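# An overview of the molecular structure
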Amino acid sequence: NSGKKEIIVLLLKDSRTDINKKNNEGKTALMYASSGKHKEIVTLLLNDPRIKINEKTRVGYTSLMYAAMCGNTEILTLLLNDSRTKINEKNYGGWSALVYACKNKNIDCVSLLIDAGAEVPFNYLHKIGFKNIYKYVIKKFEGVLVWTKI
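Definitions and cut-offs
- Per chain, residues are indexed from 1 in the order of the written sequence.
- Owing to the predicted nature of the model, reporting of local features is limited to residues with pLDDT of at least 70; listing and counting of side-chain atom pairs is limited to 80 or more, with chain, interface and lining totals taken over all residues.
- In computing side-chain properties, one takes all heavy atoms of the structure into account and sets aside hydrogens as well as water.
- Interaxial angles span 0 to 180 degrees and are taken between N-to-C directions of axes, which are lines fitted to C-alpha atoms, for helices over the stretch in contact.
- Comment: elements are numbered from the N terminus, with helices defined as DSSP H or I runs of at least four residues and strands as E runs of at least two.
- Any angle between 65 and 115 degrees counts as roughly perpendicular, while under 35 counts as roughly parallel, over 145 as roughly antiparallel, and the rest as oblique.
- We call two residues in contact whenever any of their non-hydrogen atoms come within 4.5 Å of each other.
- Note on residue classes: Ala, Val, Leu, Ile, Met, Phe, Trp, Tyr, Cys and Pro are nonpolar, Asp, Glu, Lys and Arg are charged, and everything else, Gly too, is polar.
- Type-normalised accessible area, obtained with a 1.4 Å probe on protein chains alone, sets the label of each residue: buried when under 20%, exposed when over 50%, and partly exposed for intermediate values.
- The positive count covers Lys and Arg only, the negative count covers Asp and Glu only, and His and the chain ends enter neither.
- The rule for a salt bridge is simple: a side-chain nitrogen of Lys or Arg has to be within 4 Å of a carboxyl oxygen of Asp or Glu.
- Polar contact is defined as a pair of N or O atoms within 3.5 Å, subject to the rule that within protein one atom must be able to donate a hydrogen and the other to accept it, and that residues adjacent in sequence are counted only when both atoms are side-chain atoms.
- To qualify as a nonpolar core, a set must consist of buried Ala, Val, Leu, Ile, Met, Phe, Trp, Tyr and Cys residues joined through side-chain atoms within 4.5 Å.

### Things to note about the packing of helix 5 (residues 73-80) against helix 7 (residues 107-115)
One way to put it is that helix 5 packs onto helix 7 with a least axis distance of 10 Å and a crossing angle of 10 degrees. Judged by the inter-axis angle, helix 5 sits roughly parallel to helix 7. Two secondary-structure elements touch here, helix 5 through Thr73, Leu76, Thr77 and Leu80 and helix 7 through Asp108, Cys109, Leu112 and Leu113. Its residues assigned to classes, the contact of helix 5 with helix 7 comprises five nonpolar, two polar and one charged.

Put into structure tokens, the structure is as follows:
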């Protein structure tokens, strides 16, 4: 990891480096770092003024979605604390980071996203089958987010 960090530091110092360059799937370095446990690299990238934090893949995934999908609460927090992050951004299928956190039943990510102001799309979750498949409802009780079976 420290070797990767040193390479990133060198690349970021070079003004010719396109830090938002995408691969064939449309993934950027920030997306890869967000889907892994690369908190230091995410921090380095977020501190670079050239970063485009809300870039999308070919199917519309963002770095925030990858962090939520993977349950990376530390990275999710970094992204949510950046004022440039569009918390309710949706992929081309209509799914937001919160929907992915719900799908993966990651209560910590769900809590972070809701506390940061994410819209809870109850109707959409029902429409795409989450209510029938998982039979869960999100509710706040005494400041603690819990899953309640219905």
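Additional details are given in the paragraphs that follow.
### Here we look at the side chain of lysine 27
Position of lysine 27 among the secondary structure elements: in the loop between helix 1 (2-13) and helix 2 (29-35). For the buried lysine 27, no salt bridge exists, and the shortest N-O distance to an oppositely charged side chain is 5.1 Å, to glutamate 25. Other than its neighbours up to four places away in sequence, lysine 27 contacts Lys21, Lys22, Tyr32, Ser35, Thr57 and Tyr66.

### A word on the packing of helix 3 (residues 39-46) against helix 5
For the pair helix 3 and helix 5, the least separation of the axes is 10 Å and the interaxial angle reads 10 degrees. As judged from the angle between their axes, helix 3 and helix 5 are roughly parallel. Seen from helix 3, the contacting residues are Lys39, Val42, Thr43 and Leu46; seen from helix 5, they are Glu74, Ile75, Leu78 and Leu79. In the contact of helix 3 with helix 5, the residues fall into five nonpolar, one polar and two charged.

### Quick look at the side chain of aspartate 82
Note that aspartate 82 resides in the loop between helix 5 and helix 6 (97-103). Residue aspartate 82 is classed as buried on the basis of its relative accessible area of 12%. Of note is the side chain of aspartate 82, whose polar atom sits 2.6 Å from the side chain of arginine 84. Other than its neighbours up to four places away in sequence, aspartate 82 contacts Leu46 and Ile53.

### Remarks on the nonpolar core
Leu30, Leu64, Leu76, Leu79, Leu98 and Leu113 are the most contacted members of the largest nonpolar core, which has 32 residues in total. At the level of secondary structure, the elements contributing two or more residues to this core comprise helix 1, helix 2, helix 3, helix 4 (63-70), helix 5, helix 6 and helix 7. Among the elements that make up this core, the one with the highest residue count is helix 6 (six residues).

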